[in-house]
Amino acid sequence: MTDLELMQTALAEARLAAEAGEVPIGAVVVRDGAIIAAGQNRVLRDVDPTAHAEIVAMRAAATALDNYRLPGCTLFVTLEPCAMCAGAMIHARLGRLVFAAPDPKAGAAGSVLAVVNHPQLNHQMKVEQGMLGEEAAELLRNFFRERRS
C-alpha cells in the first residue's frame, strides 16, 4: 500500500469514530508495507481518557507483534499527536510517524510542544506531516460545527 492509501485508511477510521460520536481521529500501524493494526478515538465508548486513536492502534500492534516495542513500524494518524501519545510512541520505539493535520492547541510533534524528537530523549523517529491534512482538518471542523449547533 502507498502512504496515500494508508492515510486514507486512517481517515476511514476517523469517519467511523465520528459516526460513533467520538472526535474523528483515526490511526493505522504499518510494518513491511502492511497494516497490522488500526484504531480510532474511543475515549467515550471505553470511558478511558487514554483511548486516543494512536494508543488504540499501538496497543493492537503490540498485541499483533507480541512486543510492546514497535521498531520498524510506521504510525499514520489524522491529527498531530498529543503529549501522551507522543510519549507512548517514543516508548514503543516507533520508527516513523506520518500525520495529516497539525494540532495548534495540543500538538506535541512541533505545533505546541516538541516531545517527538526532543534532543534530550533517547529515541528519534522520522516525522512527516501534511498528507491529506486539509481533508482531516475539515472532518474535525465539521464534527465540532455540528456539535455546537
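### Here we look at the side chain of Gln40
Now for step 1: Here Gln40 lies in strand S2 (residues 34-40).
Now for step 2: Here the side chain of Gln40 touches Arg45 through a polar contact of 2.9 Å, side chain to side chain.
Now for step 3: Setting aside its immediate chain neighbours within four residues, Gln40 contacts Glu13, Leu16, Ala17, Ile25, Gly26, Arg45, Ala51, His52, Ala53 and Val56.

### Focus on the sheet that holds strand S4 (residues 96-101)
Sheet strands line up and pair through hydrogen bonds in the backbone, either parallel or antiparallel.
Now for step 1: With respect to topology, 5 strands assemble into an open sheet ordered S2-S1-S3-S4-S5, the strand pairing being mixed. Of all strands in the sheet, those bounded by a partner on one side alone are S2 and strand S5 (126-129). On average, each strand axis in the sheet is inclined to that of its neighbour by 15°, with strand direction left out of account.
Now for step 2: Looking at chain direction, S4 and S5 are connected through 4 bridges and run parallel. Within S5, the residue paired with Val98 across the bridge is Glu128.
Now for step 3: Across the sheet, helix H3 (residues 53-65) touches strand S1 (26-31), S2 and strand S3 (73-79), and the angle it forms with S2 is around 140°.
Now for step 4: Lying over the sheet, helix H5 (residues 133-148) contacts S3 and S4, oriented at roughly 60° with respect to S4.

### Side note on the nonpolar core
Side chains of nonpolar character tend, in soluble globular proteins, to be buried together.
Now for step 1: Of all hydrophobic cores here, the largest spans 42 residues; its most connected members are Val29, Leu75, Met89 and Leu97.
Now for step 2: Listing elements by their share of this core, those giving two or more residues are helix H1 (3-19), S1, H3, S3, helix H4 (83-91), S4 and H5.
Now for step 3: In contact with Val29, not counting residues within four places along its chain, are Ala34, Ile35, Ile36, Ala37, Ala57, Met58, Ala61, Cys73, Thr74 and Leu75.

### Notes on the environment of Ala137
Now for step 1: Tracing the chain through its elements places Ala137 in helix H5.
Now for step 2: Considering only alpha carbons, one finds Ala137 and Ala100, 37 residues apart in sequence, at a separation of 8.1 Å.

Reading the values: the criteria
- Residues numbered from 1 in each chain as written.
- Predicted model: local features only at pLDDT ≥ 70, side-chain atom pairs only at ≥ 80, totals over all residues.
- Heavy atoms only, no water.
- Helix = DSSP H or I, 4+ residues; strand = E, 2+ residues; numbered from the N terminus.
- Polar contact = N/O pair within 3.5 Å; in protein donor to acceptor, adjacent residues only side chain to side chain.
- Contact = heavy atoms within 4.5 Å.
- Pairing = 2+ DSSP bridges.
- Axes fitted to C-alpha atoms, helices over the stretch in contact; angles between N-to-C directions.
- Core = buried A, V, L, I, M, F, W, Y, C linked by side-chain atoms within 4.5 Å.
- Buried < 20%, exposed > 50% of the residue type's maximum accessible area, 1.4 Å probe, protein only.

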